[in-house]
Amino acid sequence: MAKIEIVQKSEISAQEGAAIQEICPFGAIEYIDGKLDISAGCKMCKICTKEKPEYFTYVEDEEREEIDKSLWNGVVVYVEHTYGKIHPVTFELLGKARELAEEINHEVICLFAGYNIADKGGELIQFGADRVYIYDEKELEDYRVEPYAAVFEDFIKHQKPSVVLVGGTTVGRSLAPRVAARFRTGLTADCTSLSIDENTDLAQIRPAFGGNIMAHIKTRDKRPQFATVRYKIFSAMEKDERRAGTIEICSISKELLKSGITVLESKEKPKAKYIEDAEVLVVAGKGIQKEEDLAIIYELADQLGAMVASTRPLIEAGWTDPKVQIGLSGRTVKPKLIITCGVSGSVQFIAGMKNSEQIIAINTDPNAPIFNIANYSVVGDIYEVIPKLLEKLKLEKREKIEVFV
Amino acid sequence: MDITVCIKQVPSTSEVEIDQETGNLKRDGVDAKINPYDLFAIEGAVQIKEQTGATINVVTMGPNQAADILHEAFTLGADHGYLITDRKCAGADVLATAKALSEGIKKIGKADLIICGKQTTDGDTAQVGAEIAELLDIPHANNILAIKEIKKESLVVDVDMPTMIQTIEIKLPCLISVDKDLNQPRLPSYKVKKATKNKEITAYGVCDFEDSNEMHYGMNGSATQVIRIFPPTSNSNTESWEGTSDELATKIADKIVELKIL
């Protein structure tokens, strides 16, 4: 079995022992009475074998289980949907699957399970699938993990795919591990980049240790290789109505679709109520001169599906609700995107939003402190830039709708 | 009812960094606190115990100092603590972690309900719970927002789905992973802390498990391998845009499209 072995010929001084302990980022090296040991805190990062090869050696497996990878073919995309309405992450995964499949000369295959969906497979072909397998059963009307996992198992046993991509939604993160564990195979969560080697090994990149480090992960000796990817990481290819592909309806024994779960009710999710929960925020600042001018801010938020927040002066003026104040005396936010409009950026405001993923700041004063933390500093007048921006966004949306109908 | 709660000790900060020159991890990430999502799992179990009576077992995998979080769980209302500690479990991926925990849960004995936090703040995969359920062959539900009813043979819970909230009845035994909306975790009780200070913790190693084949645990039992680690490309890029308002609006619109906000 692969392991790290300690080679220690003589007793080590306390001073040297302490220095050796320091090299382990996980504090897993122990030093007791002149002797070194490794605790269960070891993460097998092998740093000790590089830093102190005189004491630590990595012993590789004598025999690795080899599999014939040529028996596993195809890049699968699991079709995520709500009562037949396909989740856009599926199209993004299809775009990536196309890329991977072409690299190794495989086909892109969709697994589509649900009820009353038999006529919905065509769209998947237009977005890149070569073959679509549909399981259309009453028992699959609502998502329940056991029947869905049973269908997935049946599908994998028949298709023997090399790669399986699943959207990193709450359903994907429930189903993918269930099926991966059933096949005792590898699953890499929330991949941010995927590429494929000639031998069909999937090169999976994901953030590790809280996001400050990236890890390159492989499923070396198992198939299929499961990966989940969050929404809005990859890009869908353009819809091609002339793309050809095949659709096959599959059947499965009702016996396998039993479940210990009964769905009592399904209701639409309420929209985010608090600015802390919003993915996108548009912030109105002192640059807004009159209360009625807030209209352009609300319109911008509307276009972006965002919520409106504000700085303290606007709340004190009674123009906005105290619940939407950002800053030390207000709320701390961390949205995917924040657009500040006419906000100079006081210390207390910045403290409440500086961890936002992307910051676009619009302000007339090129020396405004907000520009010190903005990813994109836009030196301009909100009264001129925002109306122009609204026009362009509307145009973008119209084009997008045309692509998706 | 017998409830087993799976918990994990995680670094108290996410300040683990990588040495740009050597590519090695810098030592800052020593595990210290209970994974925040696990507090909702423990609180959920304690509320069930208060309503219907239950025994709460907490289990964790890690080095000896992970016993600290089991003691912390005692102060929050847990009854028994189990520590899976074995170098053979080192370097475990999702599969090997789920394997060790599922064997530990079997070893503890009866579990009508297994509760996990939705995810950990270090590994962040949110997938160990579902794999445990698979290995134990019981149903599971992820991202539970509310426990609405506790029946003799089932639970009624609200599940967070991509676009819907689903209310389901799930048969026991089962596994649920819980979200932060589930409850407001209580503060540890000082009185209980004093009373449970010397409470014994049961330690398990791979040799105690029903499946004691060491090839099924740790790095050897992992289906995935970390090929290398590297620092992320910095996204702290800053750009300053000037120009006519039309040019500026175009730049902003392009960026919004690029960020897939529309």
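Residues numbered from 1 in each chain as written. Chains lettered and ligands numbered in written order. Predicted model: local features only at pLDDT ≥ 70, side-chain atom pairs only at ≥ 80, totals over all residues.

**What to know about the overall build of chain B**
Along chain B, the regular secondary structure elements total six helices and 13 strands. By its C-alpha atoms, chain B is 70 × 45 × 40 Å across when sized along the principal axes. Each of the 262 residues in chain B was classed as buried or not, and the buried ones make up 48%. If you take every contact in chain B between residues at least 6 apart in sequence, the share linking residues at least 24 apart comes to 69%. (Helix = DSSP H or I, 4+ residues; strand = E, 2+ residues; numbered from the N terminus. Buried ≥ 20, exposed ≤ 12 C-beta atoms within 10 Å, placed from the backbone. Contact = placed C-beta atoms within 7 Å.)

**Examining the overall build of chain A**
Counting secondary structure elements, chain A contains eleven helices and 22 strands. Over its C-alpha trace chain A gives a radius of gyration of 27 Å, far above what one expects of a compact globule, namely 22 Å for 405 residues. Overall, chain A is about 75 × 70 × 45 Å in size when its C-alpha atoms are taken along their principal axes. (Rg over C-alpha atoms; globule rule 2.2 N^0.38 Å.)

**Considering the sheet that holds strand E20 (residues 337-341) of chain A**
Read across the sheet, six strands follow the order E19(A)-E18(A)-E20(A)-E21(A)-E22(A)-E13(B) without closing on themselves; strand pairing throughout is parallel. Looking at which strands have only one partner, the edges of the open sheet turn out to be strand E19 (307-310) of chain A together with strand E13 (239-241) of chain B. For this sheet, the mean inter-axis angle between neighbouring strands, taken without regard to orientation, is 20 degrees. Relative to strand E21 (residues 358-363) of chain A, E20(A) is paired through five bridges, and the arrangement is parallel. When the sheet's bridge partners are listed, Thr340(A) is paired in E21(A) with Ala361(A). Where helix H7 (residues 294-304) of chain A meets the sheet, it contacts strand E18 (280-284), E19 and E20 of chain A, and its direction lies at approximately 175 degrees from that of E18(A). (Pairing = 2+ DSSP bridges. Axes fitted to C-alpha atoms, helices over the stretch in contact; angles between N-to-C directions.)

**Some thoughts on the sheet that holds strand E8 (residues 154-160) of chain B**
Strand order in this open sheet of ten strands is E17(A)-E9(B)-E8(B)-E7(B)-E10(B)-E6(B)-E1(B)-E4(B)-E5(B)-E11(B), and the pairing throughout is mixed. The outermost strands of the open sheet, each flanked by one partner alone, are strand E17 (261-268) of chain A together with strand E11 (201-204) of chain B. Neighbour-to-neighbour, the strand axes of this sheet turn through a mean angle of 30 degrees, independent of strand direction. Across the face of the sheet, helix H1 (residues 36-52) of chain B comes into contact with strand E1 (2-6), strand E4 (55-61), strand E6 (113-117), strand E7 (140-150) and strand E10 (174-178) of chain B while running at roughly 150 degrees to E6(B). Sheet strands in contact with helix H2 (residues 67-76) of chain B are E4, strand E5 (80-84) and E11 of chain B, and its direction is about 165 degrees off that of E5(B).

**Describing the nonpolar core**
Membership of the largest hydrophobic core comes to 139 residues, with the highest contact counts inside it found for Val77(A), Cys110(A), Leu111(A), Phe112(A), Leu165(A), Val5(B) and Ile115(B). Structurally, this core is a two-domain feature, drawing no fewer than three residues from each of domain 1 (3-59) and domain 2 (69-257) of chain A. Residues in contact with Leu111(A), not counting those within four places in the same chain, are Val76(A), Tyr78(A), Val79(A), Tyr133(A), Phe152(A) and Phe155(A). Counting residues in hydrophobic clusters, the runner-up holds 48 residues, among them Leu281(A), Ala301(A), Ile339(A) and Cys341(A). (Core = buried A, V, L, I, M, F, W, Y, C linked by C-beta atoms within 7 Å. Domains from an automatic or database assignment.)

**A look at the interface of chain A and chain B**
With 88 residues of chain A at the interface, the matching set in chain B holds 86 residues. Here the side of chain A that touches chain B is composed, by residue class, of 40 nonpolar, 24 polar and 24 charged. Relative to E13(B), strand E22 (residues 376-379) of chain A runs parallel, the two sharing three bridges. Note that in E13(B) the partner of Tyr376(A) across the bridge is Glu239(B). (Nonpolar A, V, L, I, M, F, W, Y, C, P; charged D, E, K, R; others polar.)

**Considerations on the packing of helix H3 (residues 94-108) of chain B against helix H4 (residues 128-136) of chain B**
All names here are of chain B. Packing of H3 against H4 brings their axes to within 8 Å, and their N-to-C directions diverge by 55 degrees. Here H3 is positioned oblique relative to H4, judged by the angle of their axes. When you trace H3 past H4, the crossing you get is right-handed. Together, Val94, Leu95, Thr97, Ala98, Lys99, Leu101, Ser102 and Ile105 of H3 and Val128, Glu131, Ile132, Leu135 and Leu136 of H4 make up the contact between the two elements. Tallied by class, residues from the contact of H3 with H4 come to nine nonpolar, two polar and two charged. (Parallel < 35°, antiparallel > 145°, perpendicular 65-115°, else oblique. Left-handed = near helix turned anticlockwise from the far one by under 90°.)

**Digging into the packing of helix H6 (residues 172-182) of chain A against H4(B)**
Interhelical geometry of H6(A) versus H4(B) gives an angle of 45 degrees and a closest axis separation of 8 Å. Comparing the axis directions of H6(A) and H4(B) gives the class oblique. Classified by chirality, the crossing of H4(B) by H6(A) is right-handed. Note on element contacts: H4(B) touches H6(A) through Ala130(B), Glu131(B), Glu134(B) and Leu135(B), opposite Ser174(A), Pro177(A), Arg178(A), Ala181(A) and Arg182(A). Considering only residue class, the contact of H6(A) with H4(B) consists of four nonpolar, one polar and four charged.

**A few points about H1(B)**
Spanning 17 residues, H1(B) covers 25 Å between terminal C-alpha atoms, matching the ideal 24 Å at 1.5 Å per step. Here H1(B) has its buried residues at Tyr37(B), Asp38(B), Leu39(B), Phe40(B), Ala41(B), Ile42(B), Glu43(B), Gly44(B), Ala45(B), Val46(B) and Ile48(B). (Expected span 1.5 Å × (residues − 1).)

**Some remarks on the environment of Leu39(B)**
Following the sequence through the fold, Leu39(B) ends up in helix H1. When near neighbours in sequence (up to four residues on either side) are disregarded, Leu39(B) contacts Ile34(B) and Pro185(B).

**Some words on the domain arrangement of chain A**
Structurally, chain A comprises domain 1 (3-59), domain 2 (69-257) and domain 3 (275-400). Placing the centre of domain 1 of chain A and that of domain 2 of chain A at their C-alpha centroids yields a distance of 42 Å.

**Observations concerning unusual backbone geometry**
With an omega of -10 degrees, the peptide bond between Arg223(A) and Pro224(A) qualifies as cis. Along the chain, Pro224(A) turns up in the loop between strand E14 (213-218) and strand E15 (225-229). Cis geometry marks the peptide bond from Leu172(B) to Pro173(B); its omega dihedral reads -5 degrees. Here Pro173(B) is to be found in the loop between strand E9 (164-171) and E10.

**Remarks on the UniProt feature "binding site: FAD" (unreviewed entry) in chain A**
Residues and elements named next belong to chain A. This chain's UniProt record puts "binding site: FAD" (unreviewed entry) on Thr311, Arg312, Gln325, Ile326, Gly327, Leu328, Ser329, Asn363, Asp381 and Ile382. Across 72 residues, the annotated set is spatially dispersed, with a maximum C-alpha separation of 27.4 Å. Tracing the backbone through its elements, the reader meets serine 329 in the loop between helix H8 (312-316) and E20. Note on serine 329: 13 C-beta atoms within 10 Å, which makes it partly exposed. Those residues in contact with serine 329, other than ones at most four positions away along the chain, are Arg312 and Gln348. (UniProt positions renumbered as here; feature names shortened; annotations may be inferred.)

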